[in-house]
Amino acid sequence: MTGKICGTGSFAPSFTMDNHDIAKLVETSDEWIQERTGVVRRHIIREETTVSMAAEAGKRALDNAGMSAKEIDLILVSTISSNVVLPCAACEVQKELGAVHATCFDLSAACTGFVLAYNTAMAYLASGVYQNALIIGSESLSNLTNWEDRGTCILFGDGAGAAVVRACDQKAYIPVTHSDGARGAALSCTSRYDKSGLAGNVDPQEWMEDRYLMQMDGRAVFKFAVKSVPQAVEELLEKNQVEKEEIAWYILHQANRRIVESVAKRLGESIEKFPMNLQEYGNTSSASIPILLDEMNRKGLLKRGQKIVLAGFGAGLTWGASLLEW
Ligand code: COA
């Protein structure tokens, strides 16, 4: 027993900021951002929250799958930017959708989160514990972004993507996943609750301290991504005895156009197999892969039987690749 994606959905806030808007906040330019990252604009929450976006993306995925929320027995939300600490975002989504039979929990693995949520759901389906899983990546990174740091604020955006995975009898593939906590400082964000919350006297000045917002060594993360993602993909194909020619699409975490191009080059694969939508959303962490998957699904680009590689990488450090048959 394994699982198959039978529906996808996504949601992006209607408010957008393009590179010219960012250039009003920090010293940068549309030209610089596009050349170094490929990002043109990003969607930013106003009324929306991580939970509301997750619920909407989940609802759209269920509609796409032609399933009712009551049929779902597992909801996994991957997020690093939930607006709720307790109860978890997945339980809040359950409440919104009326998925009364679902077991719900969150998963925190940053930009690798959706790949790990997919693997987790697949393991549960394979073991027969659950039949129908709703997996969601949802992020409000604008809440964690230092809007005074031009090295990071140009990159990120908000949004959510979801997939319904259903148990079925077909070939199971083994995923590849790696973590290296020793290199975690390359991309970090300290919890606002680490001391002031415990003391119960949150100082508004301290609240906005840099360390409570995302900090990144951009060059280190870039180097890590362009080396480890191709290695993980090679390892994945080797483990599953699948040739590159058999892969229809490589759906990579949408961090940076140059990273995606470099991965394609290192793998010796055509860039045509690497769809991108980061120009529209920026880096939405765990939401980026399911948003792209949903766009491709709705455009009719994904055909039954196609082999697709999902690959994520990011804070932790964490990275991994999974193989699925559409
Ligand atoms: N606008 C204009 N200039 C900028 C800038 C900006 N937004 N950000 C940095 N610069 C400047 C730097 O100050 C530096 O100037 P200097 O040479 O005078 O010191 C110069 O541009 C080069 O900086 P550097 O940090 O080396 O740029 P880069 O080519 O590495 O690009 C990133 C920076 C962040 C775009 C790039 O490192 C990157 O994309 N890294 C990966 C980040 C990522 O994807 N993270 C998430 C992974 S999940």
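Just so you know, these numbers come straight off a predicted model, no measurement behind them.

## Thoughts on the overall build of the chain
Then, number 1: What the chain contains, in helices and strands, is 11 helices and 13 strands.
Then, number 2: Expected size for 326 residues packed as a compact globule is a radius of gyration near 20 Å; at 19 Å, the chain falls within 12% of this value.
Then, number 3: With the C-alpha coordinates of the chain rotated into their principal frame, the extents come out at 55 × 45 × 35 Å.
Then, number 4: Taken across its 326 residues, the chain has 55% of its residues classed as buried.

## A closer look at helix α8 (residues 218-239)
Then, number 1: Here α8 spans 31 Å end to end across 22 residues, near enough to the 32 Å set by a 1.5 Å rise per residue.
Then, number 2: Every buried residue of α8 is listed here: Val221, Phe224, Ala225, Val226, Ser228, Val229, Pro230, Ala232, Val233, Leu236 and Leu237.
Then, number 3: Looking one or two residues beyond α8, the residue adopting positive phi is Gln241, at roughly 55°.

## Observations concerning the environment of Asn240
Then, number 1: Note on placement: Asn240 falls in the loop between α8 and β11 (247-252).
Then, number 2: The spacing of Asn240 and Leu323 is 83 residues in sequence and 8.6 Å in space, taken between C-alpha atoms.
Then, number 3: Excluding its chain neighbours within four sequence positions, the residues that come into contact with Asn240 are Tyr173, Ile174 and Leu323.

## So, the domain arrangement of the chain
Then, number 1: On domain assignment, one finds that the chain holds domain 1 (2-168) and domain 2 (176-325).
Then, number 2: It is Cys111, Val115 and Leu144 that lose the most area in domain 1 upon contact with domain 2, and together they represent 16% of the buried surface on that side.
Then, number 3: For the interface between domain 1 and domain 2, the tally reads 1 salt bridge.
Then, number 4: Of the charged contacts, one joins Glu280 and Arg41 as a salt bridge, the two residues approaching to 2.6 Å between their closest N and O atoms.
Then, number 5: Those elements giving two or more residues to the side of domain 1 that touches domain 2 turn out to be β1 (2-11), α2 (30-37), β3 (41-43), α3 (50-65), α5 (113-127), β6 (132-140) and β7 (158-168).
Then, number 6: Taken together, the residues that form the side of domain 1 that touches domain 2 break down as 20 nonpolar, 23 polar and 8 charged.

Thresholds applied
Residues numbered from 1 in each chain as written. Predicted model: local features only at pLDDT ≥ 70, side-chain atom pairs only at ≥ 80, totals over all residues. Heavy atoms only, no water. Helix = DSSP H or I, 4+ residues; strand = E, 2+ residues; numbered from the N terminus. Rg over C-alpha atoms; globule rule 2.2 N^0.38 Å. Buried < 20%, exposed > 50% of the residue type's maximum accessible area, 1.4 Å probe, protein only. Expected span 1.5 Å × (residues − 1). Contact = heavy atoms within 4.5 Å. Domains from an automatic or database assignment. Buried area = accessible area lost by both parts, 1.4 Å probe. Salt bridge = Lys/Arg side-chain N within 4 Å of Asp/Glu carboxyl O. Nonpolar A, V, L, I, M, F, W, Y, C, P; charged D, E, K, R; others polar.

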